Amino acid sequence: MQRACMSALEQRDLSLIHYARRGAASLGALQRLGALAPAWLLTRPPGRPVRLQLEELADTLDGSREAREYELRARLVRSVTEGAYNKLRPPPESLADPSVDHVISARDAARLRGGGGIDAVLVLDPEPALLPRHALAEASAELRRLVAQRTQESINPCNRGSWHGFLPLDADKAARQGLGPSTLALLRKLGALPALVSRCGWGRPLVLPPAVQLGFYPGGSGARYSPHLDRNPGEVGLKREITFLLYLNVDWDTDRHGGCLRLHPPDRASGAPVDVAPLGGRVVVFQSGKRHTRAALRWNAAMTSLGASLPIGKQLHEVLPCDGADRLALTLWCEYE
Ligand SMILES: O=C(O)CCC(=O)C(=O)O
Ligand SMILES: [Fe+2]
C-alpha cells in the first residue's frame, strides 16, 4: 500500500508538470541519475537543458535509493512549478460569484476548518442548485463526450481503470476550448466556491489552481480509488489544501450503481466510514491533506478556545466501484500559497 501510494504521488506530480512545461529543465539530469519512472518519460519533451542543482543534490543525498529518487522528483516538481505554474495561481476572490453565496455558509466553513472527523466534511445539495437539472444534464453529456479526447487512463495503481483530464478554470480559456454554455457555467460556479471558504478566514492564504480535474469511472469496469489523502505528509511541490468535488451523475441510483465516495474516520474509535452518493449537482468539500507540524499543533492547543486555530484536519477517502453506470466528477483542489 505504501509503495502504491508513492506512485500516486508521481501521478499528481505529473499533472503539475503538465501545467509547467515551459519551466522544464531537469529531465536529462534525472534520467542520467536513473531517478525517472518510465511514466515520467511519456510526458516529457526530450533534449532540454540540464539543471545542475539536481546533480549536486543527488551527491548530497543519503538514504535508500527510493528515498533519494523521491527527493529528486520532489525537487523536479518544485523547480518546474516555481515558474510558469506559480504565476497562474490567483486568490479565490478573483473568481467570486454572488450567485453561489448560499452554497457554503460561515458555519459550514468553520466546521470544515475545524477538521478532525468526518463531520468536518461538507456534503452539500445546494438549493437552488448550481445549475437547473436540464443544464446539468447538458454539461454532464458534454463532459462525457470529452472523456475520449481530454482524459487519459490512470497509471496510478491506487485507481486503475479510471480516466482523468483537466479543464481550465479561467473562463476565457475554457470558452476558447469550445465548451458549451452549461459546462462553462458549471466551471464558473465551481471556481467560485473557494472564495466562500476564504472569506470566512482560513488561517493561511489560499490560491486557485489553473484547472479542475475531470474524473471518469467507467461503469462496470471495477475502477475504484483506494483509500488516500489528496496531499500526503512530506509531499513537496503540491500544495492542496481543500478538495471541492462536484458530481455530474444526473440519474444516479446508488442501490444499483454503487460508486459512493467513502469517507474514513480518523481512527477506528471515531466510528464507521460514511458513504456519500455521487448525485448530480452534489458538492463535497474536505481538507485535502494533513498539516502536522508540531508548531501548528502547539499553536492550536493554545488558541482553540479563542477560535483562532489553524486548519490541520485531513480526510482519508476512497471511490467505491460503480456497476452499470459511468461516474463523472469535477474536482477543484484549492491550494495554500
Ligand atoms: O470522485 C470522487 O468522488 C473522488 C475522487 C478522488 O478522490 C480523487 O481524484 O482524488
Ligand atoms: Fe481524492
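The structure this text deals with has already been given above.
Residues numbered from 1 in each chain as written. Chains lettered and ligands numbered in written order. Predicted model: local features only at pLDDT ≥ 70, side-chain atom pairs only at ≥ 80, totals over all residues. Heavy atoms only, no water.

A. Molecular detail of the site of ligand 1. Within the structure, ligand 1 sits among Gln213, Tyr225, His228, Asp230, Leu245, Tyr247, Leu261, His317, Val319, Arg327, Ala329 and Trp333. Contacts to ligand 1 include aspartate 230, whose side-chain N or O atom sits 3.1 Å from an oxygen atom. Contact distances for ligand 1 include 3.0 Å between an oxygen atom and a side-chain N or O atom of histidine 317. When ligand 1 sits alone it has 290 Å² of accessible area, and the protein chains cover 96% of it. Taken together, the elements giving at least two residues each to the shell around ligand 1 come down to strand 6 (225–228), strand 7 (240–247), strand 11 (317–319) and strand 12 (327–336). The element that contributes the greatest number of residues to the shell around ligand 1 is strand 12, accounting for 3 residues. Residue composition of the shell around ligand 1, grouped by class: 7 nonpolar, 3 polar and 2 charged. (Near = heavy atom within 4 Å. Polar contact = N/O pair within 3.5 Å; in protein donor to acceptor, adjacent residues only side chain to side chain. Areas by Shrake-Rupley, 256 points an atom, 1.4 Å probe, with all protein chains shown as cover. Helix = DSSP H or I, 4+ residues; strand = E, 2+ residues; numbered from the N terminus. Nonpolar A, V, L, I, M, F, W, Y, C, P; charged D, E, K, R; others polar.)

B. Spotlight on the sheet that holds strand 9 (residues 274–276). Pairing is antiparallel across the open sheet formed by 4 strands, whose spatial order is 6-11-8-9. Taken across any chain shown, the strands that pair with only one partner, and hence form the sheet edges, are strand 6 and strand 9. Taking each pair of neighbouring strands and ignoring which way they run, the sheet shows an average axis angle of 15 degrees. (Pairing = 2+ DSSP bridges. Axes fitted to C-alpha atoms, helices over the stretch in contact; angles between N-to-C directions.)

C. How the structure looks around the packing of aromatic side chains. Going through the model one piece at a time under the given rule, you end up with 0 aromatic pairs. For the cation-ring pair, arginine 204 lies above tyrosine 336, with the distance from its terminal atom to the ring centre recorded as 3.7 Å. (Phe/Tyr/Trp six-rings, centres within 6.5 Å; stacked < 30°, edge-to-face > 60°. Lys NZ or Arg CZ within 6 Å of the ring centre and 35° of its normal.)

D. Seen up close, the nonpolar core. Ile104, Leu186, Leu193, Ile242, Phe244, Val285 and Leu330 are the most contacted members of the largest nonpolar core, which totals 44 residues. Sorting the residues of this core by element identifies helix 6 (106–114), strand 1 (122–124), helix 7 (133–150), helix 9 (181–198), strand 5 (211–217), strand 7, strand 10 (283–287) and strand 12 as the ones contributing at least two each. Counting residues per element, this core draws most heavily on helix 9, at 9 residues. Here leucine 330 is in contact with Leu143, Leu167, Leu186, Leu187, Leu190, Val212, Gln213, Leu214, Phe244, Leu245, Leu246 and Leu248, once residues within four sequence places are set aside. (Core = buried A, V, L, I, M, F, W, Y, C linked by side-chain atoms within 4.5 Å. Buried < 20%, exposed > 50% of the residue type's maximum accessible area, 1.4 Å probe, protein only. Contact = heavy atoms within 4.5 Å.)

E. Representation of the coordination of the iron ion (ligand 2). Distances from the iron ion (ligand 2) to its protein donors, namely His228 (NE2), Asp230 (OD) and His317 (NE2), fall within the range 2.0 to 2.2 Å. For histidine 228, a relative accessible area of 6% translates into the label buried. Taking relative accessible area as the criterion, histidine 317 reaches 4% and is therefore assigned buried. (Donors = N, O, S within 2.8 Å, 3.2 Å for Na, K, Ca; no water.)

F. How the structure looks around the packing of helix 7 against helix 9. Between helix 7 and helix 9, the shortest axis-to-axis distance is 8 Å and the interhelical angle comes to 100 degrees. If you check the angle between helix 7 and helix 9, you find them roughly perpendicular. For the pair helix 7 and helix 9, the contacting residues are Ala135, Leu136, Glu138, Ala139, Glu142 and Leu143 in the first and Ser182, Thr183 and Leu186 in the second. Here the contact of helix 7 with helix 9 is built from residues that sort into 5 nonpolar, 2 polar and 2 charged. (Parallel < 35°, antiparallel > 145°, perpendicular 65-115°, else oblique.)

G. Quick look at the side chain of aspartate 97. Positionally, aspartate 97 belongs in the loop between helix 5 (65–87) and helix 6. Comment: no salt bridge for buried aspartate 97; closest opposite-charge side chain is arginine 188, at 4.7 Å. Of note is the side chain of aspartate 97, whose polar atom sits 2.8 Å from the backbone nitrogen of serine 99. Beyond its immediate chain neighbours, meaning those up to four positions away, aspartate 97 contacts Lys189 and Ala192. (Lys, Arg positive; Asp, Glu negative; His and termini not counted. Salt bridge = Lys/Arg side-chain N within 4 Å of Asp/Glu carboxyl O.)

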